[in-house]
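Residue-level structure breakdown
Residues per chain, in single letters:
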Amino acid sequence: MPTNHDPEQAPEPRTQRAVGPDALKALSHPLRIQILDLLGHHSALTASGLAESLGESSGATSYHLRQLERHGFVQEVPGRGTARERWWERTPGGFTIELPDDEAATGDGMIAATSTVNREFEVIRQRKIMDFLDSARTLDRGWLEAGATLATINMWLTKEQLAEVQAEWQRFSETVLDRFAGQQDAPGARPVQIHFNAFPLINGKENPS
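About the cut-offs
Residues numbered from 1 in each chain as written. Predicted model: local features only at pLDDT ≥ 70, side-chain atom pairs only at ≥ 80, totals over all residues. Heavy atoms only, no water. Helix = DSSP H or I, 4+ residues; strand = E, 2+ residues; numbered from the N terminus. Buried < 20%, exposed > 50% of the residue type's maximum accessible area, 1.4 Å probe, protein only. Contact = heavy atoms within 4.5 Å. Axes fitted to C-alpha atoms, helices over the stretch in contact; angles between N-to-C directions. Parallel < 35°, antiparallel > 145°, perpendicular 65-115°, else oblique. Nonpolar A, V, L, I, M, F, W, Y, C, P; charged D, E, K, R; others polar. Phe/Tyr/Trp six-rings, centres within 6.5 Å; stacked < 30°, edge-to-face > 60°. Lys NZ or Arg CZ within 6 Å of the ring centre and 35° of its normal. Expected span 1.5 Å × (residues − 1). Arc of directions from axis to C-beta.

Time to look at the overall build of the protein chain. Scanning the protein chain from N- to C-terminus turns up seven helices and six strands. Reading the protein chain from its N terminus to its C terminus gives the helix and strand order β-β-α-α-β-α-α-β-β-β-α-α-α. Counting all 209 residues of the protein chain, 27% fall into the buried class. Sequence separation of at least 24 residues holds for 67% of the intrachain contacts in the protein chain that already meet a minimum separation of 6.

Written as structure tokens, this is what we have:
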């Protein structure tokens, strides 16, 4: 089962690349994941801009940007910046991380790296939700009335039904969300994050077939 990590969608058709072992280990650093997240909804930033947002030195963000570039997670913005001030963006397309299910085949290191990356992305996502809950009153009322929603649905499903739900989400993503891709400079637009989770509860019990 893969976990998907998409940046702000680009106008081109989306591609998902599977992250290999070396790239996964390189990514399993909290600051690198925070850098990817910021670039995902700010489109492009410099090392100094990232440093200011993250409370780090520009030397640290520059180093981690080079490591992310080496493994294909970020790239320089074509035609923008100078030798002294380079602008960075996420590489077009998202990526998937396979959840290891065979410890003997993947080893403890890969399991730890996978857990680190997925947990850090989830920590960042939860932090965004809490920021929204704490500060929603500061937003223009129209954004709240437009349909800002946090929803949890508890259900009992078979494996086949869960697969059907996931497939419907994928169709929705491709037919609806893709229409709104590439709007970073659109008048009146602001970064919006959309979540969809569907997974079996670990502390649940499967009914007999």
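With that settled, the discussion passes to the side chain of His-64. Looking at the element boundaries, His-64 is found in helix α4 (residues 58–70). When neighbours within four sequence positions are excluded, His-64 is seen to be in contact with His-29, Leu-31, Arg-32 and Ile-35.

A separate point is the packing of helix α2 (residues 30–42) against α4. It is at 10 Å that the axes of α2 and α4 come closest, and there the two elements cross at 80°. It follows from the interaxial angle that α2 and α4 lie roughly perpendicular. Here α2 contributes Leu-31, Arg-32, Ile-35, Leu-36 and Leu-39 to the contact with α4, which in turn contributes Thr-61, Tyr-63, His-64, Leu-65, Gln-67 and Leu-68. Here the residues of the contact of α2 with α4 are counted per class, giving seven nonpolar, three polar and one charged.

Our next topic: the packing of aromatic side chains. For any pair of aromatic rings, the description consists of the separation of the ring centres together with the inter-plane angle of the planes. Scanning the model with the defined rule gives four aromatic pairs in all. Both rings, one in Trp-169 and one in Phe-172, keep their centres 5.7 Å apart while their planes meet at 40°; by these two values the pair is tilted. Of this pair, Trp-169 and Phe-172 both sit in helix α7 (residues 159–175), separated by three residues, roughly a single helical turn. The class of Trp-169 is partly exposed, set by a relative accessible area of 22%. Given the relative accessible area of 36%, Phe-172 is considered partly exposed. Three or more aromatic residues link up through ring pairs in this structure, and these residues are Phe-73, Phe-95 and Phe-121. Looking at Arg-80, its charged tip hangs above the ring of Trp-87, at a distance of 3.6 Å from the centre.

With respect to the helices and strands, Gly-182 occurs in the segment after α7. Exposure remark for Gly-182: the relative accessible area of 33% places this residue in the partly exposed category. Separated by 139 residues in sequence, Gly-182 and Ser-43 place their C-alpha atoms 9.9 Å apart.

A separate point is α4. Think of an α-helix as 3.6 residues a turn; residues three or four steps apart then line up on the same face. Between the first and last C-alpha of α4 there are 18 Å, a value that for 13 residues agrees with the 18 Å anticipated at 1.5 Å per step. Every buried residue of α4 is accounted for by Thr-61, His-64, Leu-65, Gln-67 and Leu-68. Taken around the axis of α4, the buried residues stretch over an arc of 160°, which confines them to a single face. Buried-residue contacts for α4 involve α1 (21–27), α2, α3 (47–54), β4 (74–81) and β5 (86–90). The first or second residue beyond α4 is Gly-72, which carries a positive phi of 80°.

Keep in mind that these numbers describe shape and distance, not what the molecule does.
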